[in-house]
Amino acid sequence: MAGEEKYRLGRLCAQLTAIRSLADRQGESAQLDALLTELRADGDLPELTSRADELLRRCGVARGLGDHRSYGGVLPHLGGGHPVEEAHVCPKGRCDRVDLEAGGRCELYVVPLRLVRWEA
């Protein structure tokens, strides 16, 4: 799975409440629900994140899910190479979302983020 798709899926997950609200206001709720159903069924990630980008653009979000940053570090896309000993990540391993605080949840699968620990 390419890093960009994982990054975009992470942004979708982290911002799903706001995205849902926007889709509701723009009459795109059914399309968002269909997209989420396919993502939850482990559908084709590049295709589905592209469709999510298109949906957001139709709703007026010009950049969609991406901001096209560079990647690196111990955990995917944490950035800067700063060692971290524990983080909460995607429970399914499908995106590169990293949350350093406890209590986060995956809005896509509606479950808590998975705790990952390693030696720095």
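Remember, it's a predicted structure, so these values are computed and weren't measured experimentally.

Basis of the calculations
Residues numbered from 1 in each chain as written. Predicted model: local features only at pLDDT ≥ 70, side-chain atom pairs only at ≥ 80, totals over all residues. Heavy atoms only, no water. Helix = DSSP H or I, 4+ residues; strand = E, 2+ residues; numbered from the N terminus. Contact = heavy atoms within 4.5 Å. Areas by Shrake-Rupley, 256 points an atom, 1.4 Å probe, with all protein chains shown as cover. Buried < 20%, exposed > 50% of the residue type's maximum accessible area, 1.4 Å probe, protein only. Expected span 1.5 Å × (residues − 1). Core = buried A, V, L, I, M, F, W, Y, C linked by side-chain atoms within 4.5 Å. Pairing = 2+ DSSP bridges. Phe/Tyr/Trp six-rings, centres within 6.5 Å; stacked < 30°, edge-to-face > 60°. Lys NZ or Arg CZ within 6 Å of the ring centre and 35° of its normal.

*Asks:* Would you explain the overall build of the protein in this entry?
*Replies:* Regarding its fold elements, the protein presents 4 helices and 5 strands. Scanning the protein from its N terminus toward the C terminus, one meets helices and strands in the order α-α-α-α-β-β-β-β-β. For the protein, long-range pairs separated by at least 24 residues make up 58% of all intrachain contacts whose partners lie at least 6 apart in sequence. Split by element, the accessible area of the protein, about 6700 Å² in all, is 49% carbon and sulfur.

*Asks:* Help me out: how do you make sense of the side chain of His88 in this one?
*Replies:* With respect to the helices and strands, His88 occurs in strand 1 (residues 86-89). Judged by its relative accessible area of 9%, His88 falls in the buried class. In this structure, His88 is in contact with Arg97, Val98, Asp99, Glu101, Ala102, Gly103, Leu113, Arg114 and Leu115, ignoring residues within four places of it in sequence.

*Asks:* Any chance you could explain helix 1 (residues 3-14) here in plain terms?
*Replies:* Residues three or four positions apart in an α-helix share a direction because the helix packs 3.6 residues into each turn. Taking 1.5 Å per residue as the helical rise, helix 1 with its 12 residues ought to reach 16 Å, and the 16 Å between its terminal C-alpha atoms agrees with that figure. With 9 of 12 residues buried, helix 1 lies mostly within the body of the structure. Those residues of helix 1 lying buried are Glu4, Glu5, Lys6, Tyr7, Arg8, Leu9, Gly10, Leu12 and Cys13. Elements that come into contact with the buried residues of helix 1 comprise helix 2 (16-25), helix 3 (29-40), helix 4 (45-58) and strand 3 (105-106).

*Asks:* Mind showing me how you'd approach the nonpolar core here?
*Replies:* Among the nonpolar cores identified, the biggest contains 24 residues, and Leu9, Leu12, Leu32, Leu36, Leu39 and Leu108 are the most heavily contacted of them. Secondary-structure elements contributing two or more residues to this core are helix 1, helix 2, helix 3 and helix 4. Here the element with the most residues in this core is helix 4; it accounts for 5 residues. Setting aside residues up to four positions removed in sequence, Leu39 forms contacts with Leu9, Leu12, Leu45, Leu48, Arg94, Leu108 and Tyr109.

*Asks:* What is the right way to read the sheet that holds strand 2 (residues 98-99) from this model?
*Replies:* If you trace the 3 strands from one edge of the open sheet to the other, you get 2-1-5, paired in antiparallel fashion. Bordering the open sheet on either side are strand 2 and strand 5 (114-117), each of which pairs with just one other strand. With 4 bridges connecting them, strand 1 and strand 5 associate as antiparallel partners. Opposite His88, over in strand 5, you have Leu115 as the bridge partner.

*Asks:* Please explain the packing of aromatic side chains as it appears in this structure.
*Replies:* Taken as a whole, this structure holds 0 aromatic pairs when the rule is applied. Against the face of Tyr109 rests Lys92, its NZ or CZ located 5.1 Å from the ring centre.

*Asks:* Can you walk me through unusual backbone geometry in this structure?
*Replies:* What you tend to see is this: most non-glycine residues have negative phi, and most peptide bonds are trans. Of note in the backbone geometry, Asp42 takes a positive phi value of approximately 60° without being a glycine. Here Asp42 is to be found in the loop between helix 3 and helix 4. On the basis of relative accessible area, Asp42 is assigned to the partly exposed category, the value being 49%.

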